[in-house]
Number of protein chains: 4
Amino acid sequence: MSNKMKSAAIFGATGYTGFELIRLLLSHPGVKFSVLTSEQYSGQPLAQAFPPFKGRLDGVSFGKMEELLGAKFDVAFLALPHTLSSSVAARLLGQGKVVVDLSADFRFRNIPLYESVYGVTHGAPALASKAVYGLAEVYREKIRKTRLVAVPGCFPTSVILGLRPLLAAGVIDAKGIVADCKTGVSGGGRGPKLGFHFPETDEGIRPYGLPTHRHTPEIDQELSLAAGKKTAITFVPHLVPMNRGILATSYSLLNPKRTAKDVEAAFRKAYEGETFVRMLPPGLLPSTKDVRGSNFCDIAWQVDEKTRRVIVCSAIDNLVKGASGAAVQCFNLMCGFKEDEGLKGMPLFP
Amino acid sequence: MSNKMKSAAIFGATGYTGFELIRLLLSHPGVKFSVLTSEQYSGQPLAQAFPPFKGRLDGVSFGKMEELLGAKFDVAFLALPHTLSSSVAARLLGQGKVVVDLSADFRFRNIPLYESVYGVTHGAPALASKAVYGLAEVYREKIRKTRLVAVPGCFPTSVILGLRPLLAAGVIDAKGIVADCKTGVSGGGRGPKLGFHFPETDEGIRPYGLPTHRHTPEIDQELSLAAGKKTAITFVPHLVPMNRGILATSYSLLNPKRTAKDVEAAFRKAYEGETFVRMLPPGLLPSTKDVRGSNFCDIAWQVDEKTRRVIVCSAIDNLVKGASGAAVQCFNLMCGFKEDEGLKGMPLFP
Amino acid sequence: MSNKMKSAAIFGATGYTGFELIRLLLSHPGVKFSVLTSEQYSGQPLAQAFPPFKGRLDGVSFGKMEELLGAKFDVAFLALPHTLSSSVAARLLGQGKVVVDLSADFRFRNIPLYESVYGVTHGAPALASKAVYGLAEVYREKIRKTRLVAVPGCFPTSVILGLRPLLAAGVIDAKGIVADCKTGVSGGGRGPKLGFHFPETDEGIRPYGLPTHRHTPEIDQELSLAAGKKTAITFVPHLVPMNRGILATSYSLLNPKRTAKDVEAAFRKAYEGETFVRMLPPGLLPSTKDVRGSNFCDIAWQVDEKTRRVIVCSAIDNLVKGASGAAVQCFNLMCGFKEDEGLKGMPLFP
Amino acid sequence: MSNKMKSAAIFGATGYTGFELIRLLLSHPGVKFSVLTSEQYSGQPLAQAFPPFKGRLDGVSFGKMEELLGAKFDVAFLALPHTLSSSVAARLLGQGKVVVDLSADFRFRNIPLYESVYGVTHGAPALASKAVYGLAEVYREKIRKTRLVAVPGCFPTSVILGLRPLLAAGVIDAKGIVADCKTGVSGGGRGPKLGFHFPETDEGIRPYGLPTHRHTPEIDQELSLAAGKKTAITFVPHLVPMNRGILATSYSLLNPKRTAKDVEAAFRKAYEGETFVRMLPPGLLPSTKDVRGSNFCDIAWQVDEKTRRVIVCSAIDNLVKGASGAAVQCFNLMCGFKEDEGLKGMPLFP
């Protein structure tokens, strides 16, 4: 596609990822909004759902999805529940549109696995093989050529960016990987629940989803592809009393004869020249604060000589690199924009 | 001045307002950085003081103030301690530079009052009369014509924007105004102190500086000018366990025969067409979350008929509209840029 | 009543005030639990609703209110919705029981006012005149002699303790009082709502209920009684991103000829010898952190000479002195225990 | 020793563990305070350092350590810097006193290891062999008989309580253990530092001390003793934006032929009848919120069948079970009190 102005639609625009998409795309010189859908806020102006937007896009109102599926636009971002997302994607692709899907529907190469993990019937299995997993640092060229991208899950992004280079280079053992992840509460969505009620959440940390969180097979899929053999990670997420951010601390074992030098080389090879992955200099460790509001993934690592264990720490903003930022990054590749367009904002600190 | 590229210097760049200036100016198409000074981080790269900036401005290091006072640049932003700031300003103005001063040095029209409030001798009293108080919504035309702006204090900005239109229109009584303000902790600066140590701050709220916080005379100066008579506000700041934001809740009395309609008219007159002041529609109240990271000031008001009291609530981000954003807004006016250049970012939510 | 062991029932035990009642009463040597009711958790053990209680009261399960109204116990604490509370109170009083009601039902001496403020029909108007307002520092002797206490609202407690002595002593003007209050989120109850969802609440402060929060007439009732004339306060609550605590900052005007000495004398007279009201020494200001988890109310004040305004700051834990602690304090008076039994815990800091 | 009243001294009473000791001991019926030392607050009353204590112990002031070493008291709690602590302990033991040491000085059975880890010379090596590691659930009988207890580190307590039973029963492999720990900020002490400054800490999570935090050898010491062979854990701590609490998530491998049933049996054997360790029922996971302010350690576990990995989650309050509560528990054993005296308080929730 050419580099001219694109009109964008966001389906399911009133969750946190929808908000973040709008925020990012408002800073994108090549995008104009044409369609925002929300069943709950249908007919209401944008600022009703998101008061921070008062004064911007004041003329834009939410419509109902069904009514807007046939509207005129170039690109659709889908922030819809899974299964619904794939069926909408199928219709939009049939109209020749570009689709960036933030649901889990097209992340799996193995449909039965997807169906078993999510407990549903896939809405468009025929399309699954055409979708590209939207991790630009890995699949950049494929993303450029597709019209359907599956934006990776937030936890998978943090873990895969931290471990994939080491598995691809054979530096660490494919067995025995542990990924201990910590997430801010926006990862749980915008629907009020007791578990995310402020007084139940503030001043506490707790694990959840143990031991079979549905992001586990997604991580294993990508790490296995990198390793050329089946990985079986143990993944445990924890809820941290903060709004945004994921920190992944991953533990793996150096393969025989491999050393810290190999770790360094693998990361350099993977990320040299990457805009959004920042390898920290020795002595620095990542903090989710340092990436908040930005599309960066900060990575540091150390080898624990005593145990030959490699510890990799990676930090992202779950709503940016872990969702809407990655979506914009893919959109840029798919539509011929510079990869960082709309993603130039520095982290908000403090 | 013309609308070409400007080279900017930030003196005292390693506090929170310095960081925020850099963040905002990085999104400004008409600015390039030439000088950043920091006594503490002298010789070190930007990312050493502010890890969030890794990967941007990697070639830029901090220098010492004295060494860089004569460097080549167009505009200086001063984030220096008071009294030092005014003497530096004097030297830079002498070189023909444009100066945006974030200290308190040039905020007062009355030098003896300044000296008594801050307990110091003014560093450049002769310049005070040439400085313009950098509240663009009030002094826009004067700011366009000056080379020296005093960026208002954070609390004064929140209170003055909320009350000035009502005093200017004679809607409220100049006597008997109470401003109860709540601020995030970044307002206390970046220097570690017991009072801002995390465990002493989190999960608590407390007043401070009672009853003679030095922002009081600054607020009175501007409100008195608006009212055409001397005001005497009672101002009490409170520390809230959050990083950013100021909420001002101001209480005043309707003048005889004045009604809610007059309040509405006064605000409409003052802020119609303003980009950064958002009058909320009836039923909505401001939250600091809705402006975080942006240059907006959100205002709502209500008349308590029982007491004829007008309650005005105004919310800003203390580091943006309350400091660095206001500085950039003034810089735009002084240098012929569009007023919102570098300030287009939407609030980060959540 | 004599000082022997009392059996206690808590009706509506699964909100935050219910939890706090259990926590406090577990440390009370003269209380044993016989009945806990919860419609939602009926049939389930205590720790199911409140995991922190695992290992204590393991044999105790929740029952349904209707089934337990006739059970054998001495004292009932009612943490029920208003109107339901008064009708339950009526039945229990008819059985000869002692009732400590945490709802608003019996706080008002004026039934039509109550009905207009809460928009309901009172469930037991005949009893209202028999109820004592459960502010022990004011109504201690009456509380000792009654079988029905209305525990004050959380905001009213913080404001009344701070202003009542000054009005009773004629030190401040009954007109023109402003109470600007800040509360932790537990004050909003345990039911998940968007407004208390963690990502909508953390890192922000906002006003609410403006200008007619229903605690206003409750405060005016008690302040008017103290002043001997009608007060008309302006009361604005704000939501602070923390779990517990209320800070009230109250602004009023010194009467002619009155000075700071009169303020001091009024407070000394009111609170000398009080266990739970702590007048801070000069130079200290209250923080909600300093009272968290305890039944203390910390008070400091200052006179702003310029405006002759008295600023009173008072801090309580909304769930203790603002609800369940006050309930236990009243219970102690009603049943002949020492007033601080069950309330000896020091604040949890940090 | 007999069960009569004990007079207690706290040396170094003005940090968070000192405060917490005072809070807990104030609820202990068998303790009276005779001595509180603080170099910083010497000569000042308790409430000056800790405003929450206003109104309690008002007559008690801090003294200087040197002047009070010879005072009359039965038991000393040492909350002093390491190396100073051991030399003070030596002098007090020489006077026949009971010593509960909260520093690291007597935690190590291997003095050279201690000296290498802490980079100091031990202050009283001869005493080290007489000290008992104060984990009551493991060394109860030894603690009863000693006059010198070393209170375990906060992280070690959380990890050891979670893993020791499994190693002692041979259920898990001694190799390949990972302990990923998350702590509240009070664990970093009360001294203001940039890393614990509120705006640098709130809304972020980050690892630190990687990979050689000095709690690692302490954990290995105790786990090796349990396993009967050398363990080599990988331990990574993380800083969470909350005041209190540690959550340890530990990953280890089931030994051949061992199953979940063996895990369950090992925990039951270890903790049946224990007051302060709460094994959670299936389906529940620990949260630091559920133990805050209490001496509980909550533990849950799951076997990840796919990887044969055992995931153990354990939560404590770092200032209670992780420091001052453990100290009181040991004191009770040493002085013949019931083990839970002074430790009966339920968690403060929310």
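Residues numbered from 1 in each chain as written. Chains lettered and ligands numbered in written order. Predicted model: local features only at pLDDT ≥ 70, side-chain atom pairs only at ≥ 80, totals over all residues. Heavy atoms only, no water.

Trainee: Mind showing me how you'd approach the sheet that holds strand β7 (residues 178–183) of chain C here?
Mentor: Backbone hydrogen bonds hold the strands of a sheet together, and the pairing may be parallel or antiparallel. Residue and element names in this part refer to chain C. One open sheet accounts for 7 strands, arranged β8-β9-β7-β10-β13-β12-β11; its pairing is mixed. Of all strands in the sheet, those bounded by a partner on one side alone are β8 (206–207) and β11 (277–279). Across 8 bridges, the pairing between strand β10 (residues 246–253) and strand β13 (residues 309–316) is antiparallel. Residue Ala248 lies in a different strand from β13, and its bridge partner there is Ser314. (Pairing = 2+ DSSP bridges. Helix = DSSP H or I, 4+ residues; strand = E, 2+ residues; numbered from the N terminus.)

Trainee: Mind showing me how you'd approach the environment of Gln221 of chain D here?
Mentor: Residue and element names in this part refer to chain D. As for its placement among the helices and strands, Gln221 is situated in helix α10 (residues 215–227). Gln221 sits in the buried class, given a relative accessible area of 12%. With 10 residues separating them along the chain, Gln221 and Thr231 place their C-alpha atoms 8.1 Å apart. Residues within four places of Gln221 in sequence aside, it is in contact with Arg107, Phe108, Arg109, Asn110 and Tyr133. There is a polar contact of 2.9 Å between the side chain of Gln221 and the backbone nitrogen of Arg109. (Buried < 20%, exposed > 50% of the residue type's maximum accessible area, 1.4 Å probe, protein only. Contact = heavy atoms within 4.5 Å. Polar contact = N/O pair within 3.5 Å; in protein donor to acceptor, adjacent residues only side chain to side chain.)

Trainee: Before we go on, may I ask you to explain the relation of the copies chain D and chain A in this structure?
Mentor: Put simply, the second copy of the chain is the first one after a rotation about an axis and a shift along it. After a rotation of 180° and a shift along the axis of 0.0 Å, chain D superposes on chain A with an RMSD of 0.0 Å. The relationship between the two copies is best expressed as a two-fold rotation axis. The share of interface residues of chain D whose copies in chain A are also at the interface is 100%, consistent with both copies meeting through the same surface. (Least-squares fit on C-alpha atoms with pLDDT ≥ 70 in both.)

Trainee: What's the story with the interface of chain D and chain A in this structure? I'm lost.
Mentor: The accessible area lost on association of the parts is a frequent measure of interface size. On the chain A side, the residues contacting the 48 residues of chain D number 48 residues. When chain D packs against chain A, the two sides together hide about 3,900 Å² of surface, and 60% of this comes from carbon and sulfur. By the criterion of area lost to chain A, the three top residues of chain D are Glu203, Ile205 and Leu210 of chain D, representing 17% of everything that side buries. Where chain D meets chain A, there are 5 salt bridges. Where Asp220 of chain A meets Lys306 of chain D, a salt bridge forms, and the shortest distance between an N and an O atom there is 3.3 Å. Our enumeration of links across chain D and chain A arrives at 26 residue pairs in polar contact (both at pLDDT 80 or more). Taken together, the elements giving at least two residues each to the side of chain D that touches chain A come down to β7 (178–183), α9 (198–201), β8 (206–207), α10, β9 (234–239), β10 (246–253), β12 (297–304) and β13 (309–316) of chain D. Class assignment for the residues of the side of chain D that touches chain A results in 23 nonpolar, 12 polar and 13 charged. (Buried area = accessible area lost by both parts, 1.4 Å probe. Salt bridge = Lys/Arg side-chain N within 4 Å of Asp/Glu carboxyl O. Nonpolar A, V, L, I, M, F, W, Y, C, P; charged D, E, K, R; others polar.)

Trainee: I keep staring at the interface of chain A and chain B and nothing clicks. Help me out?
Mentor: In this assembly, 32 residues from chain A lie in contact with 32 residues from chain B. Looking at the side of chain A facing chain B, the largest losses of area belong to Lys54, Met346 and Leu348 of chain A, adding up to 25% of the total buried there. Counting every contact that joins chain A to chain B gives 4 salt bridges. Here Asp290 of chain B makes a salt bridge to Lys54 of chain A, at a shortest N to O gap of 3.9 Å. Our enumeration of links across chain A and chain B arrives at 12 residue pairs in polar contact (both at pLDDT 80 or more).

Trainee: How should I be thinking about the environment of Ile311 of chain B in this particular structure?
Mentor: One can find Ile311 of chain B in strand β13 (residues 309–316). Using a relative accessible area of 0% as the deciding quantity, one classes Ile311 of chain B as buried. In the structure, Ile311 of chain B is positioned 149 residues away from Gly162 of chain B in sequence and 9.6 Å away in space, judged by C-alpha atoms. Ile311 of chain B has contacts with Thr249, Ser250, Tyr251, Ala300, Trp301, Gln302 and Asp304 of chain B together with Leu210, Pro211, Thr234 and Val236 of chain C, leaving out every residue within four places of it along the chain.

Trainee: Teacher, can you tell me more about the relation of the copies chain A and chain B here?
Mentor: Placing chain A over chain B gives an RMSD of 0.0 Å and needs a rotation angle of 180°, together with 0.0 Å of translation along the axis. Both copies present the same face, since 100% of the interface residues in chain A are matched by interface residues at the equivalent positions in chain B.

Trainee: Looking at this model, I keep getting lost on the confidence of the model for chain A. Mind explaining?
Mentor: Note: predicted coordinates in regions of low pLDDT should not be interpreted at a detailed level. Summarising the model, chain A shows a mean pLDDT of 95, and 99% of its residues fall at 70 or more. Prediction confidence for the complex, expressed as pTM and ipTM, is 0.97 and 0.96 respectively. (pLDDT = per-residue confidence, 0-100.)

Trainee: Would you explain the environment of Leu223 of chain B in this entry?
Mentor: With respect to the secondary-structure elements, Leu223 of chain B resides in helix α10 (residues 215–227). Residues in contact with Leu223 of chain B, not counting those within four places in the same chain, are Ile160, Leu163, Arg164, Leu167, Thr231 and Ile233 of chain B.

Trainee: Explain the sheet that holds strand β1 (residues 6–11) of chain C to me, please; I cannot follow it from the model alone.
Mentor: Residues and elements named next belong to chain C. Read from one edge to the other, the open sheet built from 6 strands follows the order β2-β1-β3-β4-β6-β5, with strand pairing classed as parallel. Edge positions in the sheet fall to β2 (31–37) and β5 (132–133), since each of these pairs with one other strand and no more. Two strands pair when backbone bridges link them, and β1 and β2 are joined in this way by 6 bridges, in the parallel orientation. Residue pairing in the sheet places Ile10 in a bridge with Leu36 of β2.

Trainee: Help me understand the pattern of salt bridges in this model?
Mentor: Close approach of charged atoms allows side chains of opposite charge to pair. All names here are of chain D. Inspection of the entire model under this criterion finds 82 salt bridges over all chains. The salt bridge involving Arg107 is made with Glu218; its shortest N-O contact spans 3.4 Å. With Arg107 in the loop between β4 (98–101) and α5 (111–118) and Glu218 in helix α10, the pair connects residues that are 111 residues apart, well separated along the chain. Comparing Arg107 with Glu218, the two get one shared label, buried. Ionic pairing is found between Lys321 and Glu137, a salt bridge with its closest N-O pair at 2.9 Å.

Trainee: Sorry, what's going on with unusual backbone geometry here?
Mentor: Backbone phi values are negative for most residues with the exception of glycine, while trans is the configuration of most peptide bonds. Omega for the bond connecting Phe349 of chain C with Pro350 of chain C falls within 30 degrees of zero, at 0°, which places this linkage in the cis form. Summarising the element assignment, Pro350 of chain C is placed in the segment after α12 (320–335). Although it is not a glycine, Glu203 of chain C adopts a positive phi angle of roughly 65°. In this fold, Glu203 of chain C is placed in the loop between α9 (198–201) and β8. In this structure Glu203 of chain C comes out as buried when scored by relative accessible area, which is 0%. In this structure, Lys257 of chain D takes a positive phi of about 70° despite not being glycine.

Trainee: Which parts of the structure should I look at to understand the pairing of β7 of chain D?
Mentor: Along any regular strand the residues' side chains alternate between the sheet's two faces. Residue and element names in this part refer to chain D. Most of β7 sits inside the fold, with 6 of its 6 residues counted as buried. In terms of strand pairing, β7 meets β9 through 6 bridges, oriented parallel. When the sheet's bridge partners are listed, Cys181 is paired in β9 with Pro237. Bridging between β7 and β10 involves 6 bridges; their strand directions are antiparallel. Opposite Cys181, over in β10, you have Ala248 as the bridge partner.

Trainee: Is there a simple way to think about the pairing of strand β12 (residues 297–304) of chain A in this case?
Mentor: Residue and element names in this part refer to chain A. Burial of β12 is extensive: 6 of the 8 residues sit out of reach of the surface. Across 3 bridges, strand β11 (residues 277–279) lies against β12 in parallel orientation. The residue bridging Met279 from the neighbouring strand is Ile299, located in β12. Of the strand pairs in this sheet, β12 and strand β13 (residues 309–316) are connected by 8 bridges, and their pairing is antiparallel. Along β13, the bridge assignment pairs Ile299 with Ser314. Between β12 and β13, which follow one another and run antiparallel, lie 4 residues, and Arg308 among them has a positive phi close to 55°.

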